[in-house]
Amino acid sequence: MTGLRDRFRALHESGTFLLPNPWDAGSARLLESLGFPALATTSSGLAAGLGKLDQQVTRDELVAHVAAVTAAVRIPLNVDAERCFADTPAGIAETVDLLADAGAAGISIEDYDPAADRVETLEAGAERVAAAAQACARLGIVLTARAENYLYSHEDLDDTIARLNAYRAAGADVVYAPGLRNPADIGRLVQSVPAPVNVLALPGTPTVAELSELGVRRISTGGALTWAAYGGLRDAARELLESGTTTFRSRGLTGDEIEQAFGARS
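**Q** So, the layout of surface pockets: which residues are in play, and what are the values?
**A** By volume, the largest pocket is sized at about 630 Å³. If you trace the largest pocket, you find 19 residues lining it, with Trp23, Leu30, Ala229, Arg251 and Leu253 closest to the centre. Take the lining of the largest pocket: its biggest share by element is eight residues, from helix α10 (residues 224–242). For the lining of the largest pocket, the per-class residue count stands at twelve nonpolar, four polar and three charged. There is about 440 Å³ of room inside the second largest pocket. Lining the second largest pocket are 32 residues, with Asp80, Arg146, Tyr176, Gly222 and Gly223 sitting closest to its centre. Elements with a contribution of two residues or more to the lining of the second largest pocket: α3 (43–49), β3 (77–80), β4 (106–110), β9 (197–200), β10 (218–220) and α10.

**Q** Let's hear about the side chain of Arg29: which residues, and what values?
**A** Looking at where Arg29 falls in the secondary structure, it is placed in helix α2 (residues 25–33). Beyond its immediate sequence surroundings of up to four residues, Arg29 is in contact with Ala72, Val73, Ala261, Phe262, Gly263 and Arg265.

**Q** Tell me about the sheet that holds strand β7 (residues 142–146), residues and numbers included.
**A** Spatially, β1-β10-β9-β8-β7-β4-β3-β2 is the arrangement adopted by the eight strands of the open sheet, whose pairing is parallel. A strand with exactly one partner marks an edge of an open sheet, and here the two such strands are β1 (17–19) and β2 (39–40). By the bridge criterion, three bridges tie β9 to β10 in an arrangement that is parallel. Opposite Val199, over in β10, you have Ile219 as the bridge partner.

**Q** Please set out the nonpolar core residue by residue, giving values where relevant.
**A** Val79, Leu99, Ile107, Leu164 and Leu189 are the most contacted members of the largest nonpolar core, which totals 57 residues. The leading source of residues in this core is helix α6 (residues 122–139), at seven residues. Discounting residues that sit within four places of it in the chain, Leu164 has contacts with Ala145, Arg146, Ala147, Val175, Tyr176, Ala177, Leu189 and Val193.

**Q** Residues and numbers for α2, please.
**A** All of the buried residues in α2 are Ser27, Ala28, Arg29, Leu31, Glu32 and Ser33. In this structure, the buried side of α2 is in contact with β2, α4 (59–72), α10 and α11 (255–262). The distance from a side-chain oxygen at the start of α2 to the backbone nitrogen of Gly26 is 3.3 Å, and the residue carrying that oxygen is Asp24. Note on α2: the residue one or two positions beyond its end, Gly35, has a positive phi of about 105 degrees.

**Q** I'd love a proper account of a nonpolar patch on the surface, names of residues and values included.
**A** The grouping of Trp227, Tyr230 and Leu233 at the surface amounts to a nonpolar patch, some 330 Å² of accessible area in total. Summarising the element assignment, Tyr230 is placed in helix α10.

**Q** Please give an account of the side chain of Glu120 that cites residues and values.
**A** Relative to the elements of secondary structure, Glu120 occurs in the loop between β6 (118–119) and α6. A polar side-chain atom of Glu120 sits 2.6 Å from a polar atom in the side chain of Arg83. Apart from residues lying up to four places away in sequence, Glu120 is in contact with Arg83, Glu110, Asp111, Asp113, Gly125, Arg128 and Arg163.

**Q** Lay out the pattern of salt bridges in plain terms, naming residues and giving numbers.
**A** Taken as a whole, this structure holds 15 salt bridges when the rule is applied. For Arg138, the salt bridge goes to Asp97, with nearest N and O atoms at 3.0 Å. A residue pair is termed long-range when its members are at least 10 positions apart, and Arg138 in helix α6 and Asp97 in helix α5 (residues 89–101) qualify at 41 residues. Overall, Asp97 belongs to the partly exposed group, its relative accessible area being 28%. Asp111 is the salt-bridge partner of Arg163, the closest N and O atoms lying 3.2 Å from each other.

**Q** Break down the environment of Thr95 for me, with residues and values.
**A** Here Thr95 lies in helix α5. Between the C-alpha atom of Thr95 and that of Ala135, which follows or precedes it by 40 residues, the distance is 9.3 Å. Setting aside residues no more than four positions away along its own chain, Thr95 makes contact with Arg59, Cys84 and Phe85.

**Q** So, the pairing of β3: which residues are in play, and what are the values?
**A** Here β3 shows a buried face lined by Leu77 and Val79 and a second buried face lined by Asn78 and Asp80. Strand direction decides the pairing type here: β2 and β3, joined by two bridges, are parallel. Residue pairing for β3: Ala40 is matched across the bridge by Asn78. With α5 bridging β3 and the parallel β4, this β-α-β connection has right-handed handedness.

Rules and cut-offs
- Residues numbered from 1 in each chain as written.
- Predicted model: local features only at pLDDT ≥ 70, side-chain atom pairs only at ≥ 80, totals over all residues.
- Heavy atoms only, no water.
- 1 Å grid on protein atoms, 1.4 Å probe; cavity = no way out; pocket = protein on both sides within 12 Å on 5 of 7 lines; lining within 4 Å.
- Points joined across faces, edges and corners; volume = space filled by probe spheres on them.
- Helix = DSSP H or I, 4+ residues; strand = E, 2+ residues; numbered from the N terminus.
- Nonpolar A, V, L, I, M, F, W, Y, C, P; charged D, E, K, R; others polar.
- Contact = heavy atoms within 4.5 Å.
- Pairing = 2+ DSSP bridges.
- Core = buried A, V, L, I, M, F, W, Y, C linked by side-chain atoms within 4.5 Å.
- Buried < 20%, exposed > 50% of the residue type's maximum accessible area, 1.4 Å probe, protein only.
- Polar contact = N/O pair within 3.5 Å; in protein donor to acceptor, adjacent residues only side chain to side chain.
- Patch = residues over 30% accessible without salt bridge, like charges linked within 9 Å, V, L, I, M, F, W, Y side chains within 5 Å.
- Areas by Shrake-Rupley, 256 points an atom, 1.4 Å probe, with all protein chains shown as cover.
- Salt bridge = Lys/Arg side-chain N within 4 Å of Asp/Glu carboxyl O.
- Right-handed = clockwise from strand over helix to strand, strands pointing away.

Written out as structure tokens, the structure is:
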């Protein structure tokens, strides 16, 4: 496990890497077979796989999911731990320990509180990051701190930068402001916060090459791959239901691809 965590940390030292988000063990194996260096869970994708909406998954369900995915792949896994399912430093540390035992190489913590339906104050967010950072440091886990402003209609770049600087000072290894799209804003964030920056690939976000030029270290997909897969399922099912044809088979994985992703390993 130490080796995977060291590998994940090393990815953040230079350059730009892609961190796609599978929603189950099978999608994780498929992404690994395509050559990605690391993966990350997605809270919305996991929830969908359980027949739920985002932010309705329990900690036990997340831990079981992480254990299943890490057992299926040989590359590092970062975990979307939402608020770490706790309101106290001790509770946050307990969540980190459980996810570490399940095989996590990295963990993210966010500053949105769904119970209160608000983004926490900077001070409260920094205290929570500090608790998570202390726990992650014991275990060699990479901690990503998320500022959720842009996902909840509070598009204040100054506040977002202030938060991420505070979270970095509290011990975060990586910073992340999901929802940020404008190249100038992303560039300013990269220049203003002395930490590796993760960007969420969204419609309107610069290309991977452009993000790399801006100095972004890590690019993730959130629930996008999940919804693309579910969209493909919807389209195939509608074709079957409405026309009775199965042309969707031509868009599926080939036998060789199935064997490469899911076959027995030496």
